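Residue-level listing of the chains:
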Amino acid sequence: MKIAVCIKQVPDTWSEKRLSPSDATLDRAAAEGVLNELDEYAIEEALRLKEGHGGEVTVVTMGPERAADTIRKALSMGADAGLHLCDEALHGSDACATSDALARILAGRGFDLVIFGCESTDARMSVIPAMVAERLDWPQATFAAEVQVAAGVLTVRRQTEAGVDTVTANLPAVVSVVEKINEPRYPSFKGIMAAKKKPVETLSLADTGIEAATVGLAAAWSAVTDFAARPPRAQGEIMSDDGDGGRRIADYLVTNRLI
Ligand SMILES: Cc1cc2nc3c(=O)[nH]c(=O)nc-3n(C[C@H](O)[C@H](O)[C@H](O)COP(=O)(O)OP(=O)(O)OC[C@H]3O[C@@H](n4cnc5c(N)ncnc54)[C@H](O)[C@@H]3O)c2cc1C
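Please read these numbers as outputs of a predicted model, since none were measured by experiment.

A. Local environment of the site of the ligand. Among the 33 residues in the neighbourhood of the ligand, the closest are listed as Ala95, Gly117, Ser120, Ala123 and Met125. Elements represented by at least two residues in the shell around the ligand include exactly helix H1 (37-53), strand S4 (56-62), helix H3 (95-106), strand S6 (113-117) and helix H4 (128-136). Across the shell around the ligand, the residue classes break down as 17 nonpolar, ten polar and six charged.

In structure tokens form, the structure reads like this:
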């Protein structure tokens, strides 16, 4: 089975994120870039499917040069190859352009299954898997807590706020996974060494046939028109309990429209 896993490099969750004053995009260089946490679960699930069914796992990312580190991490976990769409013109792309670019580099490569995390930790739109499935005209099974493949049919247990569904689809298909699906493995020393020799194909826009005018900040359907730094946190109010603590807290919450 040929599996692709779409992975994104995001600023470390604990780092302070800021927007660039020049173009109001996220200043990715200002924070350490890490593999989007949910994508680790997607990689793990792909590796488990490969271990059960044979085949190969290719990790796919669209991002700046340093996103190659994210590919290496996935390769050190056990993925076989990487595909990196990297072009300055992609900077500032919105979900429409991102999903179009990903669909174009995924199409025609014979993948049976494309696995995503269900959400990035930076933009958190949770739309890319569905948009890519639509562009590929493949069935999608999002928010998967369990994935099985047998005889060309995908069976997914979906976990959402509304409950649990079991859905099936013929391959090729798109899946996005939630963190309950598995426990991602750590890269071993052997895996880290092996990753250095695994193939990574780097593509530019010209290689994909995507026109520069249709991607990037200028082509985005949404624009950040203004922003301001979050005001410093105000000092909290300490209430000593003289027997009426509960009432005073309730009054405080009502006054501040918190209840
Ligand atoms: C109001 C707003 C303004 C924005 N402005 C900017 C901006 O100015 N500049 C800018 O750079 N971004 C901007 N973004 C973010 C940009 O739109 C998203 O990074 C992009 O659309 C991907 O969406 P997401 O990260 O929310 O993906 P989600 O749909 O949350 O991600 C789900 C999964 O899709 C996959 N995925 C997502 N992105 C990639 C990728 N690049 N490569 C491979 N797999 C991927 C991963 O598996 C991920 O787990 C903005 C977002 C919003 C909401």
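B. Spatial organisation of unusual backbone geometry. Between leucine 171 and proline 172 the backbone carries a cis peptide bond, its omega angle lying at 0°. Looking at the element boundaries, proline 172 is found in the loop between strand S9 (163-170) and strand S10 (173-177). A positive phi angle, near 55°, is found at arginine 124, a position not held by glycine. We classify arginine 124 as exposed; it has 9 C-beta atoms within 10 Å. The phi torsion at arginine 257 lies on the positive side, around 55°, for a residue other than glycine. Accessibility expressed as a C-beta count within 10 Å gives 6 for arginine 257, which makes it exposed.

C. Summary view of H4. Among the residues making up H4, those that are buried are Ile128, Pro129, Val132, Ala133 and Leu136. On an axial view of H4, the arc spanned by its buried residues comes to 135°, and they lie on one face. Check the buried side of H4 and you find it contacts H3, S6, strand S7 (140-150) and S10. One or two steps after H4, the chain reaches aspartate 137, where phi turns positive at roughly 60°.

D. Examining the environment of leucine 49 more closely. By the element assignment, leucine 49 lies in helix H1. Classification of leucine 49 as buried rests on a count of 22 C-beta atoms within 10 Å. Taking the C-alpha atoms as reference points, leucine 49 and arginine 185, 136 residues apart in sequence, are found 14 Å from one another. Excluding its chain neighbours within four sequence positions, the residues that come into contact with leucine 49 are Met1, Ile3 and Val149.

E. Seen up close, the sheet that holds S6. With mixed pairing, nine strands are arranged side by side in an open sheet as S9-S8-S7-S10-S6-S1-S4-S5-S11. The two strands at the open ends of the sheet, each matched to only one other strand, are S9 and strand S11 (200-203). Averaged over all pairs of adjacent strands, the angle between their axes in this sheet comes to 30°, without regard to strand direction.

F. Up close: helix H2 (residues 68-77). Where burial is concerned, most of H2 is hidden: seven out of the ten residues are buried. Restricting attention to buried positions, one finds in H2 the residues Thr70, Ile71, Lys73, Ala74, Leu75, Ser76 and Met77.

G. Up close: the pairing of S4. Among the seven residues in S4, six count as buried, and that is most of the element. One ladder, built from five bridges, connects strand S1 (residues 2-6) with S4; its direction is parallel. For valine 5, the partnering residue across the bridge sits in S4 and is valine 59.

H. Region of interest: the nonpolar core. In this structure, Val5, Ile43, Ala74, Leu102, Val114, Ile115 and Val175 are the most contacted members of the largest nonpolar core, which totals 57 residues. The element that contributes the greatest number of residues to this core is H1, accounting for seven residues. When neighbours within four sequence positions are excluded, alanine 74 is seen to be in contact with Val5, Ile7, Leu35, Ile43, Val59 and Ala79.

I. Quick look at the packing of H3 against H4. Where H3 meets H4, the axes come as close as 9 Å, and the angle between the chain directions of the two elements is 50°. One way to sum up the angle between H3 and H4 is to call them oblique. Here H3 and H4 pass one another in a crossing that is right-handed. Along the contact surface, H3 presents Ala95, Thr98, Ser99, Asp100, Leu102, Ala103 and Leu106, while H4 presents Ile128, Met131, Val132, Arg135 and Leu136. Grouping the amino acids of the contact of H3 with H4 by side-chain chemistry returns eight nonpolar, two polar and two charged.

Cut-offs used in this document
Residues numbered from 1 in each chain as written. Predicted model: local features only at pLDDT ≥ 70, side-chain atom pairs only at ≥ 80, totals over all residues. Near = placed C-beta within 6 Å. Helix = DSSP H or I, 4+ residues; strand = E, 2+ residues; numbered from the N terminus. Nonpolar A, V, L, I, M, F, W, Y, C, P; charged D, E, K, R; others polar. Buried ≥ 20, exposed ≤ 12 C-beta atoms within 10 Å, placed from the backbone. Arc of directions from axis to C-beta. Contact = placed C-beta atoms within 7 Å. Pairing = 2+ DSSP bridges. Axes fitted to C-alpha atoms, helices over the stretch in contact; angles between N-to-C directions. Core = buried A, V, L, I, M, F, W, Y, C linked by C-beta atoms within 7 Å. Parallel < 35°, antiparallel > 145°, perpendicular 65-115°, else oblique. Left-handed = near helix turned anticlockwise from the far one by under 90°.

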